[in-house]
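Examining the three-dimensional arrangement
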Amino acid sequence: MEQRVSLITLGVADVARSRVFYETLGWTTSAAADAEVVFFQAAGMVVALWSRARLAEDTAVEDRGGWGGITLAHNVRSPAEADAVLAEAEAAGATIARPGAETFWGGYSGVFVDPDGHAWEVAHNPYWTLADDGSISLPGQGEP
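Everything numeric here is computed off the predicted structure, so don't read it as measured data. (Residues numbered from 1 in each chain as written. Predicted model: local features only at pLDDT ≥ 70, side-chain atom pairs only at ≥ 80, totals over all residues. Heavy atoms only, no water.)

**Points about the sheet that holds strand β3 (residues 45-51)**
With mixed pairing, the three strands of this open sheet are ordered in space as β1-β3-β2. Bordering the open sheet on either side are β1 (7-12) and β2 (37-42), each of which pairs with just one other strand. Going across the sheet, the axis of each strand differs from the next one's by a mean of 20 degrees, ignoring polarity. Lying over the sheet, helix α1 (residues 15-24) contacts β1, β2 and β3, oriented at roughly 145 degrees with respect to β3. (Pairing = 2+ DSSP bridges. Helix = DSSP H or I, 4+ residues; strand = E, 2+ residues; numbered from the N terminus. Axes fitted to C-alpha atoms, helices over the stretch in contact; angles between N-to-C directions. Contact = heavy atoms within 4.5 Å.)

Following this line, the structure appears as structure tokens:
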């Protein structure tokens, strides 16, 4: 198996509502989107929105509700950009779980939670390389 992630599907209660939330953040919906599933191209991967119940059924897991032990991240180029993204998310309907602040590891981050409870960390990591297209490289791993 190659070391990569191609697609992240977020299980949502209301696909239309979630679509509006992400489009309000400035994300562009793929032409392949419809009323049942929405796709967004996100640099070299895809993020999808689909019914939480149908996703659980398709994945053959029991949906116990609540947080699923996963946090998504959106890396930015500066602490000021992190604060701007957090403000955009709040204006679009997100809840700010943790405002932007300096971190114990030497960066800066905050967290917003989308209308379906998916946590997004917005972080500036001065030790990672963030390319113009938003792709990221770990130290010693070369350019994206």
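**Some remarks on the sheet that holds strand β7 (residues 119-124)**
Reading across the sheet, the four strands line up as β4-β7-β6-β5 and stay open at both edges, with mixed pairing between neighbours. Bordering the open sheet on either side are β4 (71-75) and β5 (95-102), each of which pairs with just one other strand. Adjacent strand axes in the sheet meet at a mean angle of 15 degrees when their direction is disregarded. Pairing between β4 and β7: five bridges, direction parallel. Within β7, the residue paired with His74 across the bridge is Val122. Sheet strands touched by helix α3 (residues 79-92): β4, β5, β6 (108-113) and β7. Its angle to β6, the strand with the most contacts, is close to 10 degrees.

**Focus on unusual backbone geometry**
The phi dihedral of Ala43 is positive, around 55 degrees, even though this residue is not glycine. By the element assignment, Ala43 lies in the loop between β2 and β3. The phi dihedral of Ala60 is positive, around 60 degrees, even though this residue is not glycine. Position of Ala60 among the secondary structure elements: in the loop between α2 (52-59) and β4. Note on Ala60: relative accessible area 70%, which makes it exposed. (Buried < 20%, exposed > 50% of the residue type's maximum accessible area, 1.4 Å probe, protein only.)

**Considering the pattern of salt bridges**
Two side chains that carry opposite charge are able to pair once their charged atoms sit near each other. Counted under the stated rule, the structure contains six salt bridges. The salt bridge partner of Arg54 is Glu36, with a shortest N-O separation of 2.4 Å. Within this pair, whereas Arg54 is found in helix α2, its partner Glu36 is found in the loop between α1 and β2, the two being separated by 18 residues in sequence. With a shortest N-O distance of 3.9 Å, Glu121 and Arg98 are connected by a salt bridge. Of this pair, Glu121 sits in strand β7 while Arg98 sits in strand β5, and the two are 23 residues apart along the sequence. (Salt bridge = Lys/Arg side-chain N within 4 Å of Asp/Glu carboxyl O.)

**Looking at the nonpolar core**
Side chains of a nonpolar character, in soluble globular proteins, are inclined to be buried together. Residues Leu10, Phe21, Tyr22, Leu25, Leu49, Phe112 and Val122 are the most contacted members of the largest nonpolar core, which totals 23 residues. Where this core is concerned, the elements lending two or more residues are β1, α1, β2, β3, α3, β6 and β7. Per-element tally for this core: the top contributor is α3, with five residues. Aside from chain neighbours lying at most four places away, what touches Leu10 is Tyr22, Val47, Ala48, Leu49, Trp50, Leu55, Leu72, Asp114, His118 and Trp120. (Core = buried A, V, L, I, M, F, W, Y, C linked by side-chain atoms within 4.5 Å.)

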